[in-house]
Structure formats: C-alpha cells, structure tokens
Amino acid sequence: MTTIEAEGSGADADPVPVAAVHGYHHQKDEHLKRLRRIEGQIRGLQRLVDEDVYCIDILTQVSASTKALQSFALQLLEEHLRHCVADAAVKGGAEIDAKVEEATKAIARLLRT
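Residues numbered from 1 in each chain as written. Predicted model: local features only at pLDDT ≥ 70, side-chain atom pairs only at ≥ 80, totals over all residues. Heavy atoms only, no water.

**Brief notes about the packing of helix α2 (residues 55-91) against helix α3 (residues 94-112)**
Here's step 1: For the pair α2 and α3, the least separation of the axes is 8 Å and the interaxial angle reads 165 degrees. Considering their axes alone, α2 and α3 lie roughly antiparallel with respect to each other. In the packing of α2 onto α3, the handedness of the crossing is left-handed. Contacts between α2 and α3 pair Ala73, Leu77, His80, Leu81, Cys84, Val85, Ala88, Ala89 and Lys91 from the former with Glu95, Ile96, Lys99, Val100, Glu102, Ala103, Ile107 and Leu110 from the latter.
Here's step 2: Residues that form the contact of α2 with α3 fall into these classes: 12 nonpolar, one polar and four charged. (Axes fitted to C-alpha atoms, helices over the stretch in contact; angles between N-to-C directions. Helix = DSSP H or I, 4+ residues; strand = E, 2+ residues; numbered from the N terminus. Parallel < 35°, antiparallel > 145°, perpendicular 65-115°, else oblique. Left-handed = near helix turned anticlockwise from the far one by under 90°. Contact = heavy atoms within 4.5 Å. Nonpolar A, V, L, I, M, F, W, Y, C, P; charged D, E, K, R; others polar.)

**A closer look at a nonpolar patch on the surface**
Here's step 1: There is a patch of nonpolar side chains on the surface, built from Tyr54, Ile56, Leu59 and Val62 and spanning about 400 Å² of accessible area.
Here's step 2: Inspection of the secondary structure puts Tyr54 in the loop between α1 (28-50) and α2.
Here's step 3: Take Tyr54: its relative accessible area is 57%, and that puts it in the exposed class. (Patch = residues over 30% accessible without salt bridge, like charges linked within 9 Å, V, L, I, M, F, W, Y side chains within 5 Å. Areas by Shrake-Rupley, 256 points an atom, 1.4 Å probe, with all protein chains shown as cover. Salt bridge = Lys/Arg side-chain N within 4 Å of Asp/Glu carboxyl O. Buried < 20%, exposed > 50% of the residue type's maximum accessible area, 1.4 Å probe, protein only.)

**Concerning the side chain of His31**
Here's step 1: Positionally, His31 belongs in helix α1.
Here's step 2: Judged by its relative accessible area of 7%, His31 is buried.
Here's step 3: A distance of 2.8 Å separates polar atoms of two side chains, one belonging to His31 and the other to Glu79. (Polar contact = N/O pair within 3.5 Å; in protein donor to acceptor, adjacent residues only side chain to side chain.)

So, in structure tokens, the structure goes:
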C-alpha cells in the first residue's frame, strides 16, 4: 500500500495510507456487470439441475459459464500486465522481477484450469 504525508503535518507525523489503484480500476463497473452476468449463469445451472434438465444440456451451460470466467480472467491478466507490470518495469530493480514472477504464476494457475 502506498502512503502519503497528511496535509499540514510535520516531519514526525505518521503517513496516511492510500489505497492502491489497480489495473482494472477504470473498468470496474464493466467488470462488476460481467461478474453479475456470470453469477446469473451459475444460478441458471442450479435451476437446470433443480428442474432435472438433460445432462448434456447442463454440461453445455457449464461450458459457457467456464468460458465466461476464463475470458474475465484473461481480461484481468491483460490489465495487470498493462498497468502493474508496466509500472514496475518503469521503476526497474527487483520490483519488475517480482511482478513478472507474480504474473507468470497467475498464468500457470489459469492454464491448470
């Protein structure tokens, strides 16, 4: 978390924490809308099971829900690379190595699913 010095404070004052701005910040409303749509797909799956719908029809909807989550994850990953990793690259040093490693691990997790 980033900190700033409180306005009008002296050198001995404690810094005030400032929330980090994440790469998805500018798309937050769109992301929330997209997640609500995915949530609706999951509720639809519950309804299909409750109504004893044919297995293959449910699996088709599972596939669509999975694809929607994967697409959302890729969008977040792209925003992370464009914002967080690019910012670390500008700063250089150990921070870029840490951000690249973090992104690599996130990609590995996505590939396992």
